[in-house]
Amino acid sequence: MINIAVLGYGTVGSGVVEVINTNQESINKRAGDEIHVKYVLDLRDFEGDPVQEILVHDFNIILQDPEVDIVVEVMGGVEPAYTFTKQALLAGKSVCTSNKELVAKHGAELLAIAKNNQLNYLFEASVGGGIPIIRPLNSSLTADEITEITGILNGTTNYILTEMAEKGAAFEDVLKDAQEKGYAERNPEADVEGYDACRKIAILTSLVVGEQVDYEDIHTEGITKITEKDFQYAKALNASIKLLGTSKKVDDTFYSMVAPVMIGENHPLIGVNGVFNGIFVHGNVLDDVMFYGRGAGKLPTASAVVSDVVDAAKHKDSNIPTIWDEKKTKLGKFEDLPNKFFVRMRDKGLGEEQLSAIKNAFGNVLYVKVPEINGELAFVTETMKEGGFAEQIAKFDDVYSVIRVDF
Ligand code: HSE
C-alpha cells in the first residue's frame, strides 16, 4: 500500500481525494499498488465530510509518520508550502504539487533535494492544469532542441479575451461577469496582470533550457488595457488578441515575455478559446506540436496531480531525472527582442506630415481601417527590436494602444 497525505483541502485538494475515490481501481492498477489517502491537512474542520476522519491540523503528524510515502502539496503560495515540501523530502517522502509559485521559485532546489534522496518532486499540475506538458517536456520531447514554447497559460484571461472578442464587450464588464461565474478571483490581479502566466512560462522555460529562469526577469504585461476597439481592428485583420507566455530562441539566446499578442488566423493557438489553455512547442526535428485542454478547475488539475502520485508510486525507490539546474540561465535582453507592433494613435489631421513621421519611426507600416472608428490612425509596424520601438513610440503623443503582432 502507498500512503499519501494531502496538504490543503481546498479546490484542488478535495479534487485529489475525489479523483482517487472515483477511479480507485484503475489508478491502483496503473500505480501497481493501492493508493490510500491516510491524512488530509487543513487548518479548518469539515464536519459532515468523510474527510474529517483523516483530517489533521499539525503537519508534524504527517512528517513523523514513516508510513506516509507521498505528500501532495496543494496549498498554494510559497510559505509554509516550501518548508513543508523541503521537510517532507528530507524525511524520505516524495512530493507532488500544483503550486506554480513554489515550483517557479524553488523548483530547482527541491528537485536537487529529491534527487539526492532518490525521491521525486513532481509538478505536472503547476502549468496548464490538466494538460500533460511537464512530463512530455521531460520524457517525450527529448530528441529535440526546443526553439520555441508559447502558451495560452491562463484560463481566466483567455475567458475574458474570448468574451471581449465574441461579444464586443468591455474588459471591466467581462471581468465582472467572470467573477460572478467564478472564473475570475475576487482579486483578479495575478491573472489579469499576467503574473500567473509569467510563473508558468518561467517553469516551462526552465525545463526547456535546463537551468533556472527567474520569473522576475521576464517582461510581463497583462490585459487590462485591451479595449473593444482593439478587437474591432483585430477582426479587420482576421486576427484575435490572446495573452501569450512565450520563450523563443533567437540566435542561440532565449527571449521570454508575457503580453497580449494579436495572432492571425493561421496561428496554432487561434482556436484556443474560453477557459481552455493551449501550449505550442517547436522542436528542431519534430517541428510543431500542440497541447490543449483545461488549464484550471478542480478535477482537471486534480487529474494531473494524481497522475504524478501514480508516477511517484511507480518510482518509489528511484528518482525520475529532471534537468533543471539551480544555475541561473542568461535570457536575452528584452530590448533586443524583435517584434511587430499594432499601434493606434490620434489622427491629428496633419495628413502627409503625420504619415511621414510614422514611416520614419516604424518603417513601411500596414494601415488598418475600421469604418465605425474615426479620428485615429491604426497600423502594424515592420519588425523592430523592443528597445528601438520603445524609443520611437515615446516620440508620439496621444497613443491609444500598442499590442504585439504575430502574423
Ligand atoms: N487562475 C489560473 C487560471 C488557475 O485562470 O488559469 C490555474 O493556474
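Our subject is the structure that appears above.
Heads up: these notes are all about the structure in this document. (Residues numbered from 1 in each chain as written. Predicted model: local features only at pLDDT ≥ 70, side-chain atom pairs only at ≥ 80, totals over all residues. Heavy atoms only, no water.)

**Thoughts on the site of the ligand**
Selection rule: Near, as used in this document, describes a residue that has one of its heavy atoms within 4 Å of the molecule or strand being considered. Distance and chemistry together define a polar contact, namely a pair of N or O atoms within 3.5 Å, with one atom able to donate a hydrogen and the other to accept it when in protein, and with adjacent residues in sequence counting only for side-chain atoms on both sides. In this analysis, the protein atoms alone were mapped onto a 1 Å grid. Cavities are point sets where a 1.4 Å probe fits without being able to get out; pockets are open sets with protein on both sides within 12 Å along at least five of seven lines; lining residues have an atom within 4 Å of a point. Think of it this way: if more than half of a molecule's atoms are within 2 Å of a pocket's grid points, that molecule is in the pocket or cavity. Helix and strand assignments come from DSSP, with helices taken as H or I runs of at least 4 residues and strands as E runs of at least 2, each series counted from the N terminus. Classes in brief: Ala, Val, Leu, Ile, Met, Phe, Trp, Tyr, Cys and Pro nonpolar; Asp, Glu, Lys and Arg charged; the others, Gly included, polar.
Looking at the ligand, the residues that line it are K100, N154, G155, T156, D191, D196, K200, G295 and A296. K100 is positioned such that a nitrogen or oxygen atom in its side chain is 2.8 Å from an oxygen atom of the ligand. Within the contact set of the ligand, an oxygen atom lies 2.8 Å away from a side-chain nitrogen or oxygen of K200. When atoms are counted within 2 Å of each cavity's grid points, the one that captures over half of the ligand is the largest pocket. The set of elements that each furnish at least two residues to the shell around the ligand consists of helix 7 (155–167) and helix 10 (195–209). Tallied by class, residues from the shell around the ligand come to one nonpolar, four polar and four charged.

**Details of the packing of helix 5 (residues 100–116) against helix 10**
Note the cut-off: Interaxial angles span 0 to 180 degrees and are taken between N-to-C directions of axes, which are lines fitted to C-alpha atoms, for helices over the stretch in contact. To sort the angles, those under 35 degrees are grouped as roughly parallel, those over 145 as roughly antiparallel, those from 65 to 115 as roughly perpendicular, and the leftovers as oblique. Handedness of each helix crossing follows the sense of rotation of the near helix against the far helix: counterclockwise by less than a right angle gives left-handed, clockwise gives right-handed. What makes two residues a contact is simply this: any of their non-hydrogen atoms within 4.5 Å.
Here helix 5 crosses helix 10 at 45 degrees, and the two axes come no closer than 9 Å. Regarding the angle of helix 5 to helix 10, the classification is oblique. For the crossing formed where helix 5 meets helix 10, the hand is left-handed. Along its contact with helix 5, which presents K100, E101, V103 and A104, the element helix 10 presents D196, R199, K200 and I203. In the contact of helix 5 with helix 10, the residues fall into three nonpolar, no polar and five charged.

**Comments concerning the environment of G130**
Rule in force here: Under the scheme applied here, a residue whose accessible area is under 20% of the maximum for its type counts as buried, over 50% as exposed, and between as partly exposed, the area being computed with a 1.4 Å probe on protein chains only.
Within the secondary structure, G130 is located in the loop between strand 6 (121–122) and helix 6 (134–140). Of the residues examined, G130 reaches a relative accessible area of 27% and is grouped as partly exposed. For the pair formed by G130 and A304, sequence separation is 174 residues and the distance between their alpha carbons is 5.1 Å. The residues contacting G130, other than those within four sequence positions of it, are R294, P300, T301 and A304.

**Here we look at helix 4 (residues 81–90)**
The line we're drawing: For this quantity, the arc is that covered by the directions from the helix axis to the C-beta atoms.
Along helix 4, the residues classified as buried are A81, Y82, F84, T85, A88 and L89. One side of helix 4 holds all its buried residues, which, seen down the axis, span an arc of 165 degrees. Just beyond helix 4, the residue with positive phi is G92, at close to 90 degrees.

**Examining the nonpolar core**
Operational definition: We call a set of buried Ala, Val, Leu, Ile, Met, Phe, Trp, Tyr and Cys residues a nonpolar core when their side-chain atoms join them within 4.5 Å.
In terms of nonpolar packing, the biggest core is built from 83 residues, with I62, I160, L204 and F342 touching the most fellow members. Discounting residues that sit within four places of it in the chain, I160 has contacts with F171, V174, L175, A178, V192 and I223. The next biggest cluster of nonpolar side chains, apart from the first, holds 31 residues, and it includes V12, F46, A304 and A312.

**Brief notes about the pattern of salt bridges**
The condition that has to hold: Salt bridge criterion: a side-chain nitrogen from Lys or Arg within 4 Å of a carboxyl oxygen from Asp or Glu.
Under the counting rule described, the total for this entry stands at 24 salt bridges. Put simply, E386 and R404 hold a salt bridge, and the shortest N to O gap is 2.5 Å. Taken together, the residues E386 in helix 14 (residues 386–393) and R404 in strand 19 (residues 399–406) connect sequence positions 18 residues apart. With relative accessibility at 5%, the residue R404 sits in the buried group.

**Digging into the layout of surface pockets**
For clarity, the cut-off: Grid points are joined across faces, edges and corners, and a volume is the space filled by probe spheres set on the points.
In this structure, the largest pocket encloses a volume near 1,100 Å³. In terms of lining, the largest pocket is formed by 38 residues, of which the most central are K100, E185, D196, A296 and G297. For the lining of the largest pocket, the secondary-structure elements that each account for two or more residues are helix 1 (11–22), helix 5, helix 7, helix 9 (189–192), helix 10 and helix 12 (298–314). Considering every element that reaches the lining of the largest pocket, the biggest residue donor is helix 10, with four residues. Across the lining of the largest pocket, the residue classes tally to twelve nonpolar, 17 polar and nine charged.

**Description of the pairing of strand 12 (residues 276–283)**
The following threshold applies: What makes two strands pair is DSSP finding at least two bridges between them.
Most of strand 12 sits out of view: six of its eight residues are buried. Hairpin remark: strand 12 followed by strand 13 (residues 287–294), antiparallel, with three residues in the connecting loop.

**Focus on unusual backbone geometry**
Most of the time, phi is negative for any residue but glycine, and the peptide bond is trans. The omega angle of the peptide bond from E79 to P80 is 5 degrees, so this bond is cis rather than trans. On the secondary structure map, P80 appears in the loop between strand 4 (68–73) and helix 4. The backbone of D251 sits at a positive phi, close to 50 degrees, despite the residue not being glycine. Positionally, D251 belongs in the loop between strand 10 (239–250) and strand 11 (253–264). A relative accessible area of 72% places D251 in the exposed class. For D252, which is not a glycine, the phi torsion comes out positive at approximately 70 degrees.

**A closer look at the packing of aromatic side chains**
Put simply, the rule reads: We call Phe, Tyr and Trp rings a pair once their centres come within 6.5 Å, taking the six-membered ring for Trp, and we label the pair stacked below 30 degrees between planes, edge-to-face above 60, and tilted otherwise. Two conditions define a charge sitting above a ring: the NZ of Lys or the CZ of Arg must be within 6 Å of the ring centre, and it must be within 35 degrees of the ring normal.
One pass over the structure, following the stated rule, counts twelve aromatic pairs. Arranged with centres 5.5 Å apart and planes meeting at 50 degrees, the rings of Y233 and F342 form a pair that is tilted. With a gap of 109 residues between them, Y233 in helix 11 (residues 228–236) and F342 in strand 15 (residues 338–346) connect regions that are remote in the sequence. The burial state of Y233 is the same as that of F342; both residues are buried. Members of the aromatic cluster, joined through ring pairs, are F341, F362, Y367, F379, F389 and F396. Above the plane of the ring of Y215 lies R199, whose end atom (NZ or CZ) is 3.9 Å from the centre.

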